[in-house]
Amino acid sequence: MTVTDRANLTRMRTVLFNSGWNMLGRIGPVAVAVLVTPYLVNKLGLSRWGVLTIALSLIGTFGIFDFGLGRALTRAIAEYVAEGRDKESATLTLTGILTLGFFGLIGGLCAAFFVRIWVYNGLKIPAELQQETVVAMWILCATAPLVMMNAAMWGVMSAYQAFRNANLLNIPISVLYYVAPLLILQVWDSLIGVMLMLALCRLAMTIGYSFICIRLMPSLLTARPSFNLLRPLFRIGGWMTISNLMFPVLSYMDRFMIATVLSAATTAYYTTPFDVVARLSMITLAVSSTAYPAMAASWRKDTLTTITLYRNSILTVVCLLFPFCFIGALYSYDILALWVGDNFAQHSTVIMKYLSIGVFFFGIDAVAAGFLDGIGRAEVNAILSIVEALLYAPLLLLFLHWFGVNGAAFVWAGRSIFDSVARITIGIRLYPTLSSVAKHLVPMALTGLGIMILSLPSTQHMTRIVICVIGLVLFYGIIWMQAITPEERTSFFHMLLHLKTIGRKTLSRGRAD
C-alpha cells in the first residue's frame, strides 16, 4: 500500500462514502426481512418461528467469547496500516483470525453441550418438535467459529475502509438469510433445513471475506501466526468486553424494571415506541463504525485529520438523525396511531418524544465512545458504563415510582445526554486539541435539544407544522453558520454548481434524443 493509499484511508470523504455503504448494507436486508417474515411465520408455524427467532438472537451472544479482541484487532490493524507496517499487520491479522476461530469453537462446543438440557427442560415447545430443535441448535452452534472469524475479518476490512466491497458481499448474503429458509421450506418442512441454509450463508460470507482480506493484504498468504502480538490487545479487549457486557444491561434494565414496578402490560407501551426510534441507530452505527478505524489510524501522527474526522462524523450523524428524531417526536401521536391504533398512541406518545431526544444524543455519544476506544482508552468507556449503571438504576426506580412509564423514558433520554457530555469532556481532557471542536458542537447540540423540547407539549396541527418548519430551518441554519467552516461552505456551493451543470447536460442530451 502506497503512502497516498494510506492517506486516503483517513480522508473525511472516504469515511462519508463508506458510511453510505454501511447504511445501505443495513437498510437493504431489513426491507427484505419485512416482506419475507410473514411468509416464514406462515410456513414454519408459531412454535418453530419462535425457536428460530431465539436461535438467531443467540448468534449475537457468540460475540461474548471474543473478549473484545475483534474491536481491539480493528484498532491495532488500522494503526499498523497507517504506519506502513504491512508485514506485522498480516501477522497480527492471521493470529487474530485463528484465535477468534478457536474461541468460537470452544464457545460453540460449550453451547452445544447444554442444548439438549435447555430444549427438553427450558423451552416450552411441543414434544414432537424437541428433537428437531436440538439438531437445529447443534447446527447453529457449529457456525460459532465462522461467526468469530468473520468478526476478525470485518475488523481487517474496517481498518482498510473496504466497506464498499464488504457490503456488496453482505447485502446479497443477508438477503439470503431470509430468502434461503423460505426456499428450503418449499421442499423440506423442517427447522433443520432452515438452519442448514443459514449455516451455508455464514460459510459463504466467510469465504467471501477471506478473498477480500487477501486482496487487501496479499502478504496474508505467507504470514505466520505470532500469539505474542495479542497480549496488548487482550488488555484493551478486556475493557471493551466490560463495555460490551454493560451495554445490554443498560439497554434492557428499563424494560425489566417497568415490568417489575408497574406491569408487564405497561412495558409494551414503552418497548413499542422504543423499537421504532431504535431503528435510527442504523444511521449512527453506519457512521461511527466507519469513523472508528479512521480515528484509530490517525490520532498519533495526524492531529488535524483526527479532529476533522471527529467533528465531521458527529456533524454527519446529527444532520442525518435530527429530522427523523424531531419529526418523530413532533408527530409521535400520529405515527403511533397509524401504526398501532389510537388507544396505544395515547399511552406511548410522550414516551416516544423523550426517546427521540435520547436517540439524537446517542448518535453523538457513539462517535465520542469510538474515539476513546480508537486512542486506546477503552477503560474509560468501561468505567463510565459501570458508573452509569450504578446511577441509572436508582434514578430509574425513583422516576418510575414518581412519574410512571413516562419517567423511564425521561431518565433514558437524560442518560443519553449525560453519556455524550461526559465522553466528549473526557475526550478533550485526554486529547486537548479536541477543545477546538467544542465551539462547533455545543451550539448545534443545544439548538437541537431546545427545538426538540418544543415538540413535547401537545399542540394543534397547524402549530406543529409551524414548529416543524421553523425548527428545521433554525437547526440547519445554526449548523451552517456555527458548525461549518467558510471553506466547507464554499466547497458545498461548488458541489451544487457541479450538480447543476451535470443536470443541465443530462437534460440537453434528453431533449436532443
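Quick caveat, the model's predicted, so the values are computed rather than measured. (Residues numbered from 1 in each chain as written. Predicted model: local features only at pLDDT ≥ 70, side-chain atom pairs only at ≥ 80, totals over all residues. Heavy atoms only, no water.)

**As for the overall build of the protein**
Thinking step 1. Within the protein one finds 20 helices and zero strands.
Thinking step 2. Against the globule reference of 24 Å for 513 residues, the protein gives a C-alpha radius of gyration of 24 Å, in line with a compact fold.
Thinking step 3. Once the C-alpha set of the protein is aligned to its principal axes, its extents read approximately 65 × 65 × 60 Å.
Thinking step 4. Counting only residues that meet the buried cut, the protein has 51% of its 513 residues in that class.
Thinking step 5. Taking the contacts inside the protein whose residues are at least 6 apart along the sequence as the reference set, 83% of them involve residues at least 24 apart.
Thinking step 6. Counting every atom, the protein has about 24300 Å² of accessible surface; 70% of that belongs to carbon and sulfur.
Thinking step 7. Where the 36 positive side-chain charges of the protein centre and where its 22 negative ones centre are 6 Å apart. (Helix = DSSP H or I, 4+ residues; strand = E, 2+ residues; numbered from the N terminus. Rg over C-alpha atoms; globule rule 2.2 N^0.38 Å. Buried < 20%, exposed > 50% of the residue type's maximum accessible area, 1.4 Å probe, protein only. Contact = heavy atoms within 4.5 Å. Areas by Shrake-Rupley, 256 points an atom, 1.4 Å probe, with all protein chains shown as cover. Lys, Arg positive; Asp, Glu negative; His and termini not counted. Charge placed at Lys NZ, Arg CZ, Asp CG, Glu CD.)

**Observations concerning the packing of helix α15 (residues 342–374) against helix α17 (residues 405–430)**
Thinking step 1. Where α15 contacts α17, the axes come no closer than 8 Å and their chain directions differ by 15°. With respect to α17, the element α15 is oriented roughly parallel. In this structure, α15 meets α17 at a crossing whose hand is left-handed. (Axes fitted to C-alpha atoms, helices over the stretch in contact; angles between N-to-C directions. Parallel < 35°, antiparallel > 145°, perpendicular 65-115°, else oblique. Left-handed = near helix turned anticlockwise from the far one by under 90°.)

**Details of the pattern of salt bridges**
Two side chains carrying opposite charge are able to pair once their charged atoms lie near each other.
Thinking step 1. Scanning the entire structure with this criterion turns up eight salt bridges.
Thinking step 2. In this structure, R423 engages D365 in a salt bridge whose closest nitrogen and oxygen atoms are separated by 2.9 Å. Here the residue R423 occupies a position in helix α17, and D365 occupies one in helix α15, the gap between them amounting to 58 residues. Judged on exposure class, the residue R423 and its partner D365 are both buried.
Thinking step 3. When the shortest N-O distance is used, the salt bridge between R415 and E388 registers 2.6 Å. (Salt bridge = Lys/Arg side-chain N within 4 Å of Asp/Glu carboxyl O.)

**Comments concerning the nonpolar core**
Thinking step 1. Of all hydrophobic cores here, the largest spans 75 residues; its most connected members are Y270, Y310 and F360.
Thinking step 2. Here the element with the most residues in this core is α15; it accounts for 15 residues. (Core = buried A, V, L, I, M, F, W, Y, C linked by side-chain atoms within 4.5 Å.)

**Some points on the side chain of T143**
Thinking step 1. Structurally, T143 is set in the loop between α6 (127–142) and α7 (144–159).
Thinking step 2. Engagement of the side chain of T143 in a polar contact is seen with the backbone oxygen of L140, the distance being 2.5 Å. (Polar contact = N/O pair within 3.5 Å; in protein donor to acceptor, adjacent residues only side chain to side chain.)

**Overview of the side chain of N150**
Thinking step 1. Within the secondary structure, N150 sits in helix α7.
Thinking step 2. Apart from the residues within four sequence positions on either side, N150 is in contact with R202, M205, T206 and Y209.

**Focus: a nonpolar patch on the surface**
Thinking step 1. On the surface, a cluster of nonpolar side chains totalling about 380 Å² of accessible area is made up of F102, L105, I106 and L109.
Thinking step 2. For L105, the position within the fold is in helix α5 (residues 86–121). (Patch = residues over 30% accessible without salt bridge, like charges linked within 9 Å, V, L, I, M, F, W, Y side chains within 5 Å.)

**Regarding helix α18 (residues 435–453)**
Thinking step 1. In this model, α18 (19 residues) spans 27 Å end to end at C-alpha, consistent with the 27 Å of a helix rising 1.5 Å per residue.
Thinking step 2. At L441, α18 shows its maximal kink, close to 35°; a proline, P443, follows between one and four residues later.
Thinking step 3. Within α18, the full set of buried residues consists of V437, H440, L441, M444, A445, T447, G448, I451 and M452.
Thinking step 4. In the core, the buried residues of α18 are packed alongside α13 (303–330), α15, α17 and α19 (461–483). (Expected span 1.5 Å × (residues − 1). Bend = angle between axes of the 7 residues up to and from the residue.)

**Focus: the packing of aromatic side chains**
Thinking step 1. Counted under the stated rule, the structure contains 21 aromatic pairs.
Thinking step 2. On the basis of an interplanar angle of 15° and a centroid distance of 5.3 Å, the ring pair of F322 and F326 is categorised as stacked. In this pair, F322 and F326 both sit in helix α13, four residues apart, roughly one turn of the helix. The same class applies to F322 and to F326, which are both buried.
Thinking step 3. Their ring planes at 50° and their centres at 5.9 Å tell us that F399 and W402 sit as a pair that is tilted. With F399 and W402 both in helix α16 (residues 378–403), this residue pair falls three residues apart, about one helical turn.
Thinking step 4. Judged by relative accessible area, which is 17%, F399 ranks as buried.
Thinking step 5. Sitting over the face of the ring of F274, R255 holds its NZ or CZ atom 4.9 Å from the ring centroid.
Thinking step 6. Seen from the ring of Y392, R415 lies directly overhead, with NZ or CZ sitting 4.8 Å from the centre. (Phe/Tyr/Trp six-rings, centres within 6.5 Å; stacked < 30°, edge-to-face > 60°. Lys NZ or Arg CZ within 6 Å of the ring centre and 35° of its normal.)

**Some remarks on the environment of K87**
Thinking step 1. With respect to the helices and strands, K87 occurs in helix α5.
Thinking step 2. Among the residues examined, K87 registers a relative accessible area of 70% and is labelled exposed.

**Describing the environment of Y209**
Thinking step 1. Among the structural elements, Y209 can be located in helix α9 (residues 191–216).
Thinking step 2. Each C-alpha atom of the pair Y209 and M157 lies 8.4 Å from the other, and the pair is 52 residues apart in sequence.
Thinking step 3. Y209 has contacts with N150, M153, W154, M157, L169 and N170, leaving out every residue within four places of it along the chain.

**With respect to unusual backbone geometry**
Thinking step 1. Positive phi, normally seen in glycine, also occurs at Q161, with a value near 55°.
Thinking step 2. Within the secondary structure, Q161 is located in the loop between α7 and α8 (163–184).
Thinking step 3. On the basis of relative accessible area, Q161 is assigned to the buried category, the value being 6%.

**Focus: α15**
Owing to its 3.6 residues per turn, the α-helix aligns residues three or four sequence positions apart on the same side.
Thinking step 1. Here α15 contains 33 residues, and its C-alpha end-to-end distance of 46 Å stays within 8% of the 48 Å for a straight helix at 1.5 Å per residue.
Thinking step 2. By the largest-angle criterion, S348 marks the main kink of α15, which is about 50°.
Thinking step 3. For α15, the tally of buried residues reaches 27 of 33 residues, placing the bulk of the element in the interior.
Thinking step 4. Residue G376 follows α15 closely and has a positive phi angle near 85°.

**As for the confidence of the model for the protein**
Thinking step 1. The share of residues in the protein with pLDDT of 70 or more is 92%, and the mean pLDDT across the chain is 83.
Thinking step 2. The element-level mean pLDDT for the protein is lowest in helix α1 (residues 3–8), coming to 46, with α17 highest at 93.
Thinking step 3. Ignoring residues within four places in sequence, the model shows residues 1–7, a span with pLDDT below 50, making eight contacts including any to other chains. (pLDDT = per-residue confidence, 0-100.)

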